[in-house]
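Structural features, examined
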Amino acid sequence: MVHLLKSIEVVPNRYRLCLEEKDGAHLPCEVHVVHFDHQQRGEESDRDRLLVQQMCSDYNIPFHCYYWEDANRDIHQRKFSQEMARDWRKSKTVELLSTIMGSTPSRGLILTAHHRDDSVETVVLKMLRGVHLTNISGMASVQQDRYNNRIFIGKPMLQVGKKDIEKYLILQHIPWREDSSNQSSKYLRNRVRNELIPLLNELVGGETILYSRLINAQEQSRKLKDDVTQRADFYLQSYIANSDISHYPVPQHGGPLTVVEEEALYKWVELESRRRISLTYEKLLMICRQLSEYPDRRKWNISIGNEWKVARDGDVLILLNDLEFDHARSLQSSQNGWTFNVVKGLPGDNRDSVHTKLISLALGPGWNGKNPVMSLQKVNGNESLKFIPYWRKGKREMKIKEFLRGQKVPLHRRGEAPILCLEADDSLKIAAVFVESEGNSFDQGGRWVMHADFHVESDSVDESVTIALKRSV
C-alpha cells in the first residue's frame, strides 16, 4: 500500500502500472504493508504472518495486520468463503489507506502481487462461466476505487509469471511461503490452476503459446468491445429522447435485436439502475427473445435478479424494483430533491431502486428505549454538528464542513449538502451525509457516507433499519 505525498498522474496502461511526475523527479511516497490473517490454517497462518512482520521490521516498513475473527463477531455462525474474504480485504485496505491520507490532497495506491498466471486463470474461468465475446479479459493493471477517487488499485506484476518470481527470490536469497490451501480442489480456481491449465499447456505446446493465444483473444475482444460500445452509445443518444433514460424505446423493426441493440439494452440497465444491477447474458437473451418473438405483447415483465425487473409498457421498456415501504415509520421530509422512507425487510444496502440509495442504519444501545425522529436537513444551520466517517471509527469527530472539505466538496456547495439526522431527547446527530462526486453537483452524482456510530459494523448493535433515500429526477 503506497501513500503518494504529492499530487501525480496515475496512468493506466495495458502492460504496466506507470507512476509519472511531469518533471521526471523522484516520487516521494510512504509505503505500508497490510497482511490479512484468515486464520484458516492454524500454525501455518501464524508463520505466514510472522515472516511478513519480521521482514517489515528489518526494512523499517509500517506493518498492519487484520484477523478474520476480529472482522466477524459471529464467526462461529458464518462459513468462510473466498468471496467474503476478498471483499473484507479490499474494504479494510481502502479504509486504512483513507485514514492514512486523511484530508490531504494526496493520492493512494493499493498494490497487490497478482501475477501473469493469476490473470490467465481469470480468463479461463470467465470462459468456463460463459463470458460475452466482448468481455474476454484478464485482470486490470490499475483501477480507480469505486467510492474514493483518490485511491487506485494496481497489479504491477501481471506481466511476470510465477516461475520467474520464484527464480528471482531464489537468486536474491529472499524467503517466501506457499499457501497450502492453493493445492486444495475445494475451489474452482484451484482446479483450473492445478488441473486444467497444465493440460491446456500440454495440448497447445507450452505455457508461452497458451499465454500468447489468450492475449490475442483478449486483444480481439477489446477491439470488438470498443467498436460495439461506441455504436451502442450513439444508439442510446439517438433513440432516448431528451436524455431521459428512464424509458428505453422498443426497436420497431420486429426482428431479432442486433449486437449493437443488445449492447445498448445492457448499458441502459446499468445506467438506469446506477450500476446496481447488470444483465447476465442469459437474461439479456431472454428479453431479446421476448421482444422479437412476441412483438404484439405490449405488457410484460421479466425478473433479472435481486428483485429487479425489466418491464414492457407499450412502446418502451422500464426498469422496476420491488420496495415495500414501512409508511408508519416514514416521514415525507425532503432536502435538495431527496426524500426518504423506512423500508421493510431488506437485509443490506446492495438492492438500490431506480434513483434510490439504500443504507442500513445501525442503532446502538444508546438509542434503547428511545423513539428517534429522522429528518433530512442540510448543513447550513447545523454547522456545529460533528461527524466521523465509518472508515475512521474510533478517531476524533470533526465538524461536518471540515469533513466535506476533506472530501473535496467545493466551499460554496458544503452548506447545501443533505444530511440524514436522528433526534431524541433534544439531541440531534448526523447519521449520514451526501458527498457529491468531484466535479458534479448534488443532482448529478455522489454517495451517502455513514457516521461510524451508525454503520452496520458498529459495536453492540441492537437494532438496524434500512432507509431508502430517493432523489427526484
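Please read these numbers as outputs of a predicted model, since none were measured by experiment. (Residues numbered from 1 in each chain as written. Predicted model: local features only at pLDDT ≥ 70, side-chain atom pairs only at ≥ 80, totals over all residues. Heavy atoms only, no water.)

On a plain count of helices and strands, the chain comes out with eleven helices and 23 strands. Taking all 473 residues of the chain together, 41% fall into the buried category. For the chain, the proportion of contacts with a sequence separation of at least 24, taken over those separated by at least 6, is 63%. Of the roughly 26,300 Å² of accessible surface on the chain, a fraction of 49% belongs to carbon and sulfur atoms. (Helix = DSSP H or I, 4+ residues; strand = E, 2+ residues; numbered from the N terminus. Buried < 20%, exposed > 50% of the residue type's maximum accessible area, 1.4 Å probe, protein only. Contact = heavy atoms within 4.5 Å. Areas by Shrake-Rupley, 256 points an atom, 1.4 Å probe, with all protein chains shown as cover.)

Here we come to the pairing of strand E20 (residues 418-424). In terms of burial, E20 is largely enclosed, as six of its seven residues are buried. By the bridge criterion, six bridges tie strand E17 (residues 373-378) to E20 in an arrangement that is antiparallel. Directly across from Leu376, in E20, lies its bridge partner Leu420. Counting the residues between successive antiparallel strands, the hairpin from E20 to strand E21 (residues 427-436) contains two residues, one of them, Asp425, with a positive phi of roughly 55°. (Pairing = 2+ DSSP bridges.)

On to unusual backbone geometry. Even without glycine at this site, Asn60 takes up a positive phi of about 55°. Summarising the element assignment, Asn60 is placed in the loop between helix H1 (43-58) and strand E6 (63-67). Here Lys408, not a glycine, exhibits a phi torsion of approximately 65°, which is positive. For Lys408, the position within the fold is in the loop between helix H10 (400-406) and helix H11 (411-414).

With that settled, the discussion passes to the packing of aromatic side chains. As enumerated under the stated definition, the model contains eight aromatic pairs in all. Relative to Trp268, the ring of Tyr248 has its centre 5.3 Å away and its plane inclined at 40°; by these criteria the two rings are tilted. One end of the pair, Tyr248, is in strand E10 (residues 248-249); the other, Trp268, is in helix H8 (residues 259-272), with 20 residues separating them in the sequence. A ring pair is formed by Phe387 and Phe403, whose centres lie 4.8 Å apart and whose planes are at 50°; its orientation type is tilted. Taken together, the residues span a long stretch of sequence, with Phe387 in strand E18 (residues 386-387) and Phe403 in helix H10 at a distance of 16 residues. With relative accessibility at 3%, the residue Phe403 sits in the buried group. The rings of Phe36, Tyr66, Trp68 and Trp88 are connected pair by pair, giving a single aromatic cluster. Here the basic side chain of Arg116 rests over the ring of Tyr211, its NZ or CZ set 4.9 Å away from the ring centre. Residue placement shows Arg297 over the ring face of Tyr294; its charged tip is 4.0 Å from the ring centre. (Phe/Tyr/Trp six-rings, centres within 6.5 Å; stacked < 30°, edge-to-face > 60°. Lys NZ or Arg CZ within 6 Å of the ring centre and 35° of its normal.)

On to the confidence of the model for the chain. Per-residue confidence for the chain gives a mean pLDDT of 80, with 77% of residues at or over 70. Mean pLDDT per element in the chain: strand E2 (residues 9-12) is the minimum at 46, and helix H5 (residues 162-171) is the maximum at 95. Low confidence marks residues 323-334, where pLDDT is under 50. Its contacts with residues over four positions away, or in another chain, come to 32 contacts. (pLDDT = per-residue confidence, 0-100.)

Here helix H7 (residues 207-239) crosses H8 at 70°, and the two axes come no closer than 8 Å. Taken together, the axis directions place H7 and H8 in an arrangement best described as roughly perpendicular. Here the hand of the crossing between H7 and H8 comes out right-handed. From H7, Val228, Thr229, Arg231, Ala232, Asp233, Tyr235 and Leu236 reach across to H8, where they touch Val259, Val260, Glu261, Glu263, Ala264, Lys267, Trp268 and Leu271. Split into classes, the residues belonging to the contact of H7 with H8 amount to nine nonpolar, one polar and five charged. (Axes fitted to C-alpha atoms, helices over the stretch in contact; angles between N-to-C directions. Parallel < 35°, antiparallel > 145°, perpendicular 65-115°, else oblique. Left-handed = near helix turned anticlockwise from the far one by under 90°. Nonpolar A, V, L, I, M, F, W, Y, C, P; charged D, E, K, R; others polar.)

Considering the arrangement of structural elements, one finds Glu263 in helix H8. Every residue in contact with Glu263, bar those within four places of it in the chain, is listed here: Val228, Thr229 and Ala232.

Attention now moves to the nonpolar core. As a rule of thumb, soluble globular proteins bury nonpolar side chains together. Ranked by size, the top nonpolar core spans 25 residues in total, and within it Tyr248, Leu265, Trp268, Val269, Ile287, Ile304 and Leu317 carry the most contacts. Within the residue set of this core, elements represented by two or more residues are H7, H8, helix H9 (281-293), strand E11 (299-305), strand E12 (308-313) and strand E13 (316-321). Looking at this core element by element, the count peaks at five residues for H8. Ile388, Ile430, Val433 and Val435 belong to the second largest nonpolar core, which has 18 residues in total. (Core = buried A, V, L, I, M, F, W, Y, C linked by side-chain atoms within 4.5 Å.)

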